[in-house]
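Commentary on secondary and tertiary structure
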Amino acid sequence: QVQLVESGGGLVQAGGSLRLSCAASGSIFSINGMGWYRRAPGKERELVAGITAGGRANYADSVKGRFTISRDNAKNTVYLQMNSLKPEDTAVYYCQLTITTMKRLPYDYWGQGTQVTVSS
C-alpha cells in the first residue's frame, strides 16, 4: 500500500506565499511523474504544475513565474512553492504521483487535498 499526505495549505492575503508538501510512503519501488492539481468552486480540476523524474517542470500559464514545483527523491516528496498569490488561486490543491510499487505495478496516487484560500 501507498499513502500520500499533503500539508501546507491555509489562508493567506493576496500577494502572500504558501508552500505545499506531499509525502509518499509505503510499498514504493520508484516514483516517476509528480504533479499538483487544483479544483476551484464551480470549476473543473486543472493541472497546476508537473515535474518528471528527471526534474523537468511544466506549469499552467496562470501560475508561470509565481509557482515553483520541486521534488526530493530521497524523501519521496513533492513541493509547490506559491508566491504572489491571487484570489483566483483559491482552490483545493491535490498532489498526484505516478508510483511503481514493490510489485512493479505503476499506478497514479492522489493526495487527500488541501485548501488554499487567498483573500483580497
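So, here is what we can say about the structure in this document. Model, not experiment: these values are computed from the prediction. (Residues numbered from 1 in each chain as written. Predicted model: local features only at pLDDT ≥ 70, side-chain atom pairs only at ≥ 80, totals over all residues. Heavy atoms only, no water.)

**Here we look at the pairing of strand E11 (residues 114–119)**
Under the convention used in this document: Burial status follows relative accessibility: with a 1.4 Å probe on protein chains alone, a residue under 20% of its type maximum counts as buried, one over 50% as exposed, and anything between as partly exposed. Secondary structure follows DSSP: runs of H or I at least 4 residues long count as helices, runs of E at least 2 residues long count as strands, and numbering of each begins at the N terminus. Whether two strands pair depends on DSSP finding at least two bridges between them.
The alternating pattern of E11 places Thr-114, Val-116 and Val-118 on a buried face, while none of Gln-115, Thr-117 and Ser-119, on the opposite face, is buried. Relative to E11, strand E2 (residues 10–13) runs parallel, the two being bridged by four bridges. Paired with Leu-11 across the two strands is Thr-117, which belongs to E11. As paired elements, strand E9 (residues 91–101) and E11 share three bridges and run antiparallel to each other. Bridge pairing in E11 places Val-92 opposite Gln-115.

**Focus: the state of the cysteines**
A covalent bond between the sulfur atoms of two cysteines is referred to as a disulfide. How we decide: When the sulfur atoms of two cysteines come within 2.5 Å, that pair is taken as a disulfide.
Inspection of every chain in the model, using the stated rule, returns one disulfide. For Cys-22, the disulfide goes to Cys-95, at an S-S distance of 2.0 Å. Every disulfide takes its handedness from the sign of the S-S torsion; for Cys-22 and Cys-95 that torsion is 50°, giving right-handed. Of this pair, Cys-22 sits in strand E3 (residues 18–26) while Cys-95 sits in strand E9, and the two are 73 residues apart along the sequence. Each member of the pair, Cys-22 together with Cys-95, is buried.

**Structural notes on the nonpolar core**
What counts, and what does not: Among buried residues, those of type Ala, Val, Leu, Ile, Met, Phe, Trp, Tyr and Cys that are joined through side-chain atoms within 4.5 Å constitute a nonpolar core. In this analysis, two residues are considered to be in contact whenever any of their non-hydrogen atoms come within 4.5 Å of each other.
Counting residues in each nonpolar core, the largest one holds 31 residues, and the members touching the most others are Trp-36, Leu-80, Tyr-93 and Leu-97. Broken down by secondary-structure element, the contributors of at least two residues to this core are strand E1 (2–7), E3, strand E4 (28–39), strand E5 (46–51), strand E7 (67–72), strand E8 (77–82), E9 and E11. Sorting elements by how many residues they give to this core places E9 first, with five residues. Setting aside its immediate chain neighbours within four residues, Tyr-93 contacts Glu-6, Leu-20, Trp-36, Tyr-37, Arg-38, Val-48, Phe-67, Leu-80, Met-82, Gly-113, Thr-114 and Val-116.

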